[in-house]
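In case you want the letters, here they are:
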Amino acid sequence: MNENKKIIVGISGASGVIYGIRLLETLRELGVETHLILSKAAEMTLAYETDITPKELRGLADKSYPIGDLGAACSSGSFPTSGMIVAPCSMKSLAEIATGVTSSLLTRAADVVLKERRRLVLMARETPLTNVHLQNMLTVSQMGGIIAPPVPAFYTKPDNLEEMVDHSIGRVLDLFDIDTGKVKRWRTDD
């Protein structure tokens, strides 16, 4: 069912690298081909927040690209994908995407996804938000991107952090018509 899907996964330097990790793990379980772009700041955050090495993280993807490789396949509109998810998405990456001033493969790939009118989902991670952050989110939304901060759903009565992360990842993948089977749906018992 998902074998024809190909998704670019960007992981930027915002806190919450677990979202990118679980996204890659989940997509692998579901048979979706993944193309990973990991920023330098994400590598630092990975070291702060987990015991996983960048090499191990790259191993979760079908293909991984260096952040500076602006000639990589996913930097071209002729590279067919279902879209891209940036999990987590820093405010720096969001700003570059909003302005089209892309300095890395991560933001170039997002720019390409937007210009090709494919699905772009940014799991923006910051609080509180400044007017600039909000304006950049509005701009990306107006260009067709989706801003999907990882906001926990407490109606699911999660038992642990993993369930909260899986719910957020599941809701993001819903936007690509991919059902993880891990989302507790609102009032499905009615």
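In this numbering scheme, every chain counts its residues from 1 along its sequence in written order. Local features in this predicted model are restricted to residues of pLDDT 70 or higher, and side-chain atom pairs are both shown and tallied only at a pLDDT of 80 or more, whereas totals for entire chains, interfaces and linings draw on every residue. As a rule here, side-chain values cover all heavy atoms of the structure and leave hydrogens and water aside.

A. Here's a closer look at the environment of Ile178. Examined against the element boundaries, Ile178 turns out to sit in the segment after helix 7 (161-174). For the pair Ile178 and Leu106, spaced 72 residues apart in sequence, the C-alpha separation works out to 23 Å. Numbered from the N terminus, helices here are DSSP runs of H or I no shorter than four residues, and strands are runs of E no shorter than two.

B. Inspection of helix 2 (residues 40-49) at higher detail. Taken residue by residue, helix 2 has Ala42, Thr45 and Leu46 as its buried positions. Down the axis, helix 2 shows its buried residues gathered within 105 degrees of arc, on one side only. Exposed residues on helix 2 whose side chains face more than 90 degrees from its buried face are Lys40, Ala47 and Tyr48. As for helix 2, its buried residues are in contact with strand 1 (6-11), helix 1 (17-29), strand 2 (33-38) and helix 3 (54-58). Note on classification: 1.4 Å probe, protein chains only; a residue is buried when its accessible area is under 20% of the maximum for its type, exposed when over 50%, partly exposed between these limits. By definition, the arc is the one covered by directions from the helix axis to the C-beta atoms. Contacts are residue-level and defined by heavy atoms, with any inter-residue pair within 4.5 Å sufficient.

C. Here's a closer look at the pairing of strand 4 (residues 83-89). Counting buried positions over the 7 residues of strand 4 gives 7, a clear majority of the element. On strand 4, burial covers both faces: Gly83, Ile85, Ala87 and Cys89 on one face and Met84, Val86 and Pro88 on the other are all buried. Sheet analysis places strand 1 next to strand 4, joined by 4 bridges and oriented parallel. Paired with Ile8 across the bridge in strand 4 is Met84. Between any two strands, pairing holds if DSSP finds at least two bridges.

D. How the structure looks around empty space enclosed by the protein. A cavity here means a set of 1 Å grid points, computed over protein atoms only, where a 1.4 Å probe fits but cannot escape. A pocket is an open set with protein on both sides within 12 Å along at least 5 of 7 lines, and lining residues have an atom within 4 Å of a point. Grid points are joined across faces, edges and corners, and a volume is the space filled by probe spheres set on the points. Applying the stated rule across the entire model yields 1 cavity of 30 Å³ or more. Taken as a whole, the largest cavity holds about 30 Å³ of empty space. As for the largest cavity, its lining consists of Ile8, Cys74, Ser76, Phe79, Thr81, Ala109, Val112, Val113 and Arg118. Under this grouping Gly is polar, as are all residues other than the nonpolar Ala, Val, Leu, Ile, Met, Phe, Trp, Tyr, Cys and Pro and the charged Asp, Glu, Lys and Arg. Partitioned by chemical class, the residues of the lining of the largest cavity number 6 nonpolar, 2 polar and 1 charged.

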